[in-house]
Amino acid sequence: MNKLTGWDDTIVALATPPGIGAIGVIRLSGSNAIAIANTLFPSRNLSEQPSHSLHVGFLKEGDKVMDEVVVSLFKAPKSYTGEDVIEISCHGSPYVQQQVIEACIKKGARLARPGEFTQRAFLHGKLDLAQAEAVADLIASNTAASQKAALHTIRGGFSENLKDLRERLIRFSALIELELDFSQEDVEFADRNQFYQLIKELTASTNQLVNSFKLGNVIKNGVSVAIIGKPNAGKSTLLNSLLNENRAIVSDIPGTTRDTIEEVINIDGVLFRLIDTAGIRKHSNDVIESAGMERSLEKMKQADLVLYIFDTAETIEEIKEKKSEFEKQQLTYLLVANKIDASGEANAKEKFCNIEGIVFISAKQNLHTEVLKERMVDKVLQGQVQTENTIITNARHYHALKEVQKSLLEIKNGLDNKLPGDLLSLDIRRCLQYLGEITGEITNEDQLDYIFSKFCIGK
Ligand SMILES: Nc1nc2c(ncn2[C@@H]2O[C@H](COP(=O)(O)OP(=O)(O)OP(=O)(O)O)[C@@H](O)[C@H]2O)c(=O)[nH]1
Ligand SMILES: [Mg+2]
């Protein structure tokens, strides 16, 4: 663990965003952090102060006063990194901040690499790898759902799941390894029936985690929603109504929207990327309109959710046909009947009563668009974010869990084929290896550097 280059250095970085602000926080971490701060902060001897204390005073380089600051003191091991940490809150001038950082470097600190504070926290056992990665996710979170998923992992929810899986497997693996020591005597310490049961349970838990990734992706990256329909169905009107602004041009001329228009909204803590598209009709002689239609179909295929919007004057057969087309393509979709103000709500509902799940709205009059929003959220979340289950949002974790799944299957096949203990134990070790990679119990330096390099500097 100690092989990390520059491990003993004291590091410094701006922890707040660069640029002018009310305050800027400069963070120092490492065995010389307090000594370095002491040379710049003559008002008090910080090494004699208790941990978790705040000190106001002037920051000086020789006789030159740089700023009046607040120094926060965290002594090892009770700090974010597990090392001595000093946070200097200075005034939010980039010039002042630069001066302070340079002064720290002159006194022996070095500039931190991206994510190095969190990397040190990991190396000191303050966080495991999954938790550390969730710190980056929390910083990047822009909705309630992504915040919640990241916090769940930071607080150890996911790590607990993994620890449980690992420990149960390790216990069993120990028994199998013991059998190997007594291989002459042909004994079985590890009850194969119990082992079957264990593998079954571990597989179920792993499957649950793997399956949550689809939702995790939605939470992390938002949901792309293609608004699809015939020309004049009211797609652009719906976009404007959902956004509450006149974003797209609306007209009674079919083929108004030529190119796709994308806008983002937050509904109930989930980010939706709405894509208004060119209306789709069977034939068009207009080259630009045809190109627009191509694009619409492309967007429809890529979207996480398709809103198919139609005029209530459409025939029932046509909508049924669309519905089966979407189902055949395995799209996630909602059928939206528009212009109920023109046809009358009751008439429209009566007309389409044989087709399930239609949302009836008037985009122009903003009628029932709230219901549509609710249905959009339900459709993608299916109630899952409200539960306290772990949701995988990180692709690295997902791929490792897929490997866990695979090796669990191999263990099961091994049991089915009455494989000898030594071969079983190879599969078990591989499974443990992948589980350990997620939390960082098993890892290599290059991988760690890669993971943390994606963080911002100062975190
Ligand atoms: N009565 C009524 N008219 C609507 C409603 N929604 C849209 N319209 C009208 O329908 C016409 C077409 O609306 P758009 O929003 O431009 O339709 P579009 O689907 O974007 O059409 P293209 O871009 O041409 O594919 C406009 O005249 C709208 O005012 C509605 O809920 N009720
Ligand atoms: Mg339009």
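Going by the structure above, here's the rest.
Here's a quick rundown of the structure. These figures come from a predicted structure and were not determined experimentally.

## Quick look at empty space enclosed by the protein
If a probe the size of a water molecule is rolled over the atoms, the empty space left behind becomes visible. In total, this model carries 1 cavity of 30 Å³ or more according to the counting rule given. Space inside the largest cavity adds up to approximately 80 Å³. Along the walls of the largest cavity sit 14 residues, with T153, F158, T393, N394 and H397 positioned nearest its centre. Mapped onto the lining of the largest cavity, the elements with two or more residues apiece are α4 (129–140) and α5 (144–154). Here the element with the most residues in the lining of the largest cavity is α4; it accounts for 4 residues.

## Observations regarding the nonpolar core
In this structure, L238, F272, L274, L307, L372 and M376 are the most contacted members of the largest nonpolar core, which totals 34 residues. Those residues in contact with L274, other than ones at most four positions away along the chain, are V225, L239, L242, L243, I261, E262, E263, I265 and M376.

## Re the sheet that holds strand β11 (residues 333–338)
Reading across from one edge, β8-β9-β7-β10-β11-β12 is the order of the 6 strands in this open sheet, with mixed pairing throughout. The open sheet terminates on both sides in strands that have one partner only, identified here as β8 (261–267) and β12 (359–360). Two strands pair when backbone bridges link them, and strand β7 (residues 223–229) and strand β9 (residues 270–276) are joined in this way by 5 bridges, in the parallel orientation. What sits directly across from V223, in β9, is F272. Against the sheet, helix α13 (residues 369–381) makes contact with β7, β8, β9, β10 (305–311), β11 and β12, and its axis sits at roughly 170° relative to β11, the strand it touches most.

## What to know about the coordination of the magnesium ion (ligand 2)
Within the protein, the magnesium ion (ligand 2) binds to S236 (OG) and T257 (OG1); these donor distances fall in the range 2.0 Å. Taken together, the residues span a long stretch of sequence, with S236 in helix α8 (residues 235–243) and T257 in the loop between α8 and β8 at a distance of 21 residues. We note that S236, like T257, is buried.

## Re helix α9 (residues 287–302)
Its 16 residues place the ends of α9 23 Å apart at the C-alpha level, agreeing with the 22 Å of an ideal helix rising 1.5 Å per residue. For α9, every residue scored as buried is listed here: E289, G292, M293, S296 and M300. Projected down its long axis, α9 shows its buried positions confined to an angular sector of 105°, all on one face. Among the exposed residues of α9, those oriented more than 90 degrees off its buried face are V287, I288, E294, K301 and Q302. On its buried face, α9 sits against β7, β10 and α10 (316–328).

## Some words on the sheet that holds strand β2 (residues 23–29)
Sheet architecture is open: 6 strands sit in the order β3-β4-β5-β2-β1-β6, paired in mixed fashion. Single-partner strands in this sheet number two, and they are β3 (53–61) and β6 (110–111). Sitting on the sheet, helix α3 (residues 116–123) is in contact with β1 (11–14), β2 and β6, with an inclination near 135° to β1.

## Some details on the pairing of β7
Strand residues, when the strand is regular, have side chains that alternate between the two faces of the sheet. Judged by how many residues are buried, β7 sits mostly within the fold: 7 of 7 residues are covered. Here β7 shows a buried face lined by V223, V225, I227 and G229 and a second buried face lined by S224, A226 and I228. Pairing of β7 with β10 involves 5 bridges; the strand directions are parallel. Bridging across to β10, I228 finds its partner in Y308.

## Concerning the packing of aromatic side chains
Within this structure, the stated rule accounts for 8 aromatic pairs. Seen in terms of ring centroids, F122 and F452 are 6.2 Å apart; in terms of plane orientation they differ by 35°. Their pairing is tilted. Placement of the pair is F122 in helix α3 and F452 in helix α16 (residues 445–453), with a sequence separation of 330 residues. In this structure, F122 and F452 share a single accessibility class: buried. Of the aromatic side chains, those joined through ring pairs into one cluster are Y308, F310, F326, Y333 and F352. A cation sits over an aromatic face here: K379 above Y333, 5.9 Å from the ring centre. Here K459 stacks its cationic end above the ring of Y80, 4.4 Å away from the centre of that ring.

## Details of the site of ligand 1
Every one of the 23 residues lining ligand 1 counts as a neighbour, but K235, T237, G255, T256 and T257 are closest to it. The separation between an oxygen atom of ligand 1 and a polar main-chain atom of G234 is 2.9 Å. Within the side chain of K339, one N or O atom sits 3.1 Å away from an oxygen atom of ligand 1. Computed on the free molecule, ligand 1 has an accessible area of 650 Å², of which 90% lies beneath the protein chains in the complex. Class assignment for the residues of the shell around ligand 1 results in 6 nonpolar, 11 polar and 6 charged.

## Here's the deal with the pattern of salt bridges
Using the criterion set out here, one finds 27 salt bridges in the structure. With a shortest N-O distance of 2.6 Å, R247 and E263 are connected by a salt bridge. Placement of R247 in the loop between α8 and β8 and of E263 in strand β8 is noted, with a sequence separation of 16 residues between them. Here E263 falls in the partly exposed class, since its relative accessible area comes to 24%. The partner of E410 in a salt bridge is R430, and the shortest N-O contact between them spans 2.4 Å. One end of the pair, E410, is in helix α14 (residues 395–416); the other, R430, is in helix α15 (residues 421–439), with 20 residues separating them in the sequence. Judged by relative accessible area, which is 33%, E410 ranks as partly exposed. Note on R430: relative accessible area 35%, which makes it partly exposed. Through salt bridges with shared partners, one network takes in D9, E83, R110, R113, E116 and R120.

Conventions and cut-offs
- Residues numbered from 1 in each chain as written.
- Chains lettered and ligands numbered in written order.
- Predicted model: local features only at pLDDT ≥ 70, side-chain atom pairs only at ≥ 80, totals over all residues.
- Heavy atoms only, no water.
- 1 Å grid on protein atoms, 1.4 Å probe; cavity = no way out; pocket = protein on both sides within 12 Å on 5 of 7 lines; lining within 4 Å.
- Points joined across faces, edges and corners; volume = space filled by probe spheres on them.
- Helix = DSSP H or I, 4+ residues; strand = E, 2+ residues; numbered from the N terminus.
- Core = buried A, V, L, I, M, F, W, Y, C linked by side-chain atoms within 4.5 Å.
- Buried < 20%, exposed > 50% of the residue type's maximum accessible area, 1.4 Å probe, protein only.
- Contact = heavy atoms within 4.5 Å.
- Pairing = 2+ DSSP bridges.
- Axes fitted to C-alpha atoms, helices over the stretch in contact; angles between N-to-C directions.
- Donors = N, O, S within 2.8 Å, 3.2 Å for Na, K, Ca; no water.
- Expected span 1.5 Å × (residues − 1).
- Arc of directions from axis to C-beta.
- Phe/Tyr/Trp six-rings, centres within 6.5 Å; stacked < 30°, edge-to-face > 60°.
- Lys NZ or Arg CZ within 6 Å of the ring centre and 35° of its normal.
- Near = heavy atom within 4 Å.
- Polar contact = N/O pair within 3.5 Å; in protein donor to acceptor, adjacent residues only side chain to side chain.
- Areas by Shrake-Rupley, 256 points an atom, 1.4 Å probe, with all protein chains shown as cover.
- Nonpolar A, V, L, I, M, F, W, Y, C, P; charged D, E, K, R; others polar.
- Salt bridge = Lys/Arg side-chain N within 4 Å of Asp/Glu carboxyl O.

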